[in-house]
Amino acid sequence: MKISTDAPVLVTGATGYVAGWLVKDLLEAGVTVHAAVRNPDATDKLAHLIRIADETPGSLRFFKADLLQPGSYEEAMRGCAVVFHTASPFTIDVKDPQKELIDPAVMGTRNVLETAAATPSVQRVVVTSSCAAIYTDAIDCEKAPGGVLTEDIWNTTASLAYQPYSYSKTLAEKEAWKIAEGQDQFKLVTVNPSLVIGPALADKPTSESFNIVRQMGDGTMKPGAPKLGLGVVDVRDLAKAHVAAGFLESAEGRHIVSGHNTNLLELGKSLLEKYGDRYPIPRKSLPKWIVWAVGPIIGGIPRKFVTNNVDIKWRADNSKSKRTLGASYRPFKDSMEDMFQQMIEAGAFRR
């Protein structure tokens, strides 16, 4: 794959978990990266990106931008050939889903893509969507043709009241395709990852993935972990898929970027060999009836979610990502060990 260095590229949400590795890959290829961030003066949040830029052939420029402020990406996008829109909130614990999830996801996507449509240099936009725009619960896989999720499927079961994060990703991606189909300035490609795991480049990662893995080492899941069906992808493999989506001429449409069909217990058990003698890693399955009974009380987990995900197999077809993006996927044991080790070194688990 030839990565053009003739024009700069824009990465929105550049301080994010996925965006960090994407920026690193671009800088290593010698690309000039325009990094859109909330506050270019917050050097503590930018330190890892500055350090990478100092060690690589590419160059990095920071721009202040706000998802909810129309036109705030104009300066950052000027002259860019490719726009990677990774900025979108990923959190499950919200008080006001409309304000905290839907508005930033949908209005932010509209803001970035409308600016791209009005920027003559932009030839391609890559939007980081999610498998959450394809499904809400693992049980949705059973309803899919052949029992497997594909790029042809859209999420129809999430709502503002149930799984609002999934709802926000669905609405945002639909907004992206609506805008793309109404213009002829740029080509849109979307990347739809499953749960992202693996090490972060930032010192204090805030992704929901780290909250899940923290519970595997702090004793929360010592009694056991539910066999909650999900897919996972290593953040480094996902970043490379983004680069391919941005620079491969043949890339088009949606792409499920997921390395493995698995469940929460299997993720935990992958840590046993290396860390099982030192940390309370989950070793056995937590029965569904227990999760159903105590989930709403202890973790605020809706019983509908337990019914639709625990002991339900998750299956998705990642063949398009391999075929058109050249994606390859490392074993999730490697991803989990790298992530867990980083969390140990950062003091995530008090002994």
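Further up the page is the structure itself.
Analysis parameters
- Residues numbered from 1 in each chain as written.
- Predicted model: local features only at pLDDT ≥ 70, side-chain atom pairs only at ≥ 80, totals over all residues.
- Heavy atoms only, no water.
- Salt bridge = Lys/Arg side-chain N within 4 Å of Asp/Glu carboxyl O.
- Helix = DSSP H or I, 4+ residues; strand = E, 2+ residues; numbered from the N terminus.
- Phe/Tyr/Trp six-rings, centres within 6.5 Å; stacked < 30°, edge-to-face > 60°.
- Buried < 20%, exposed > 50% of the residue type's maximum accessible area, 1.4 Å probe, protein only.
- Lys NZ or Arg CZ within 6 Å of the ring centre and 35° of its normal.
- Patch = residues over 30% accessible without salt bridge, like charges linked within 9 Å, V, L, I, M, F, W, Y side chains within 5 Å.
- Areas by Shrake-Rupley, 256 points an atom, 1.4 Å probe, with all protein chains shown as cover.
- Lys, Arg positive; Asp, Glu negative; His and termini not counted.
- Charge placed at Lys NZ, Arg CZ, Asp CG, Glu CD.
- Pairing = 2+ DSSP bridges.
- Axes fitted to C-alpha atoms, helices over the stretch in contact; angles between N-to-C directions.
- Contact = heavy atoms within 4.5 Å.
- Expected span 1.5 Å × (residues − 1).
- Bend = angle between axes of the 7 residues up to and from the residue.
- Disulfide = S-S within 2.5 Å.

Draft legend 1. Region of interest: the pattern of salt bridges. Taken as a whole, this structure holds twelve salt bridges when the rule is applied. In this structure, the salt-bridge partner of K24 is E28, at a minimum N-O distance of 2.7 Å. Highlighted residues: K24 and E28, both in helix α1 (residues 17–28), separated by four residues, approximately one helical turn. One network of salt bridges, in which partners are shared, links D234, R236, D237, R330 and D338.

Draft legend 2. Looking closely at the packing of aromatic side chains. In the structure shown here, the tally under the stated rule is eight aromatic pairs. Arranged with centres 5.5 Å apart and planes meeting at 90°, the rings of Y279 and F340 form a pair that is edge-to-face. With Y279 in the loop between α10 (272–275) and α11 (288–298) and F340 in helix α14 (residues 332–345), this residue pair connects regions lying 61 residues apart in the sequence. With a relative accessible area of 8%, Y279 lands in the buried category. Looking at F340, the relative accessible area reads 0%, which means it is buried. In textbook terms, an aromatic cluster arises when at least three aromatic residues are bridged by ring pairs, as seen for Y275, Y279, F340 and F349. Residue placement shows R254 over the ring face of W154; its charged tip is 3.6 Å from the ring centre. Between the NZ or CZ atom of K304 and the centre of the ring of Y162, over which it lies, the distance is 4.1 Å.

Draft legend 3. Region of interest: a positive patch on the surface. There is a patch of like positive charges on the surface, built from K227, K269, K313 and R315. Tracing the backbone through its elements, the reader meets K227 in the loop between α7 (208–217) and β8 (229–234). Relative accessible area serves as the criterion here: at 36%, K227 is assigned to the partly exposed category.

Draft legend 4. Structural context of the sheet that holds strand β7 (residues 195–197). Spatially, the three strands line up as an open sheet ordered β7-β8-β10, and their pairing is mixed. Each edge of the open sheet carries a strand with a single partner, namely β7 and β10 (260–263). The sheet shows a mean angle of 45° between the axes of neighbouring strands, direction not considered. α14 contacts β7, β8 and β10 of the sheet and is inclined by roughly 60° relative to β7.

Draft legend 5. Examining the side chain of S321 more closely. By secondary structure assignment, the location of S321 is in helix α13 (residues 319–325). The class for S321 is buried, based on a relative accessible area of 0%. Apart from the residues within four sequence positions on either side, S321 is in contact with I256, V257, G326, A327 and Y329.

Draft legend 6. Molecular detail of helix α2 (residues 43–55). Here α2 spans 17 Å end to end across 13 residues, near enough to the 18 Å set by a 1.5 Å rise per residue. Along α2, the largest kink reaches about 30° and is centred on L49. Among the residues of α2, those classed as buried are L46, H48, L49, I52 and A53. Looking at the buried residues of α2, the elements they touch are α1, β2 (32–37) and β3 (59–64).

Draft legend 7. Structural context of the pairing of strand β6 (residues 187–193). With six of seven residues buried, β6 lies mostly within the body of the structure. The sheet contact formed by strand β5 (residues 124–128) and β6 spans five bridges and is parallel. For V127, the partnering residue across the bridge sits in β6 and is T190.

Draft legend 8. Examining the state of the cysteines more closely. Applying the stated criterion across every chain, the model contains zero disulfides. Sulfur of C131: no disulfide; nearest cysteine sulfur belongs to C141 and is 9.1 Å away. In this structure C141 comes out as buried when scored by relative accessible area, which is 1%.

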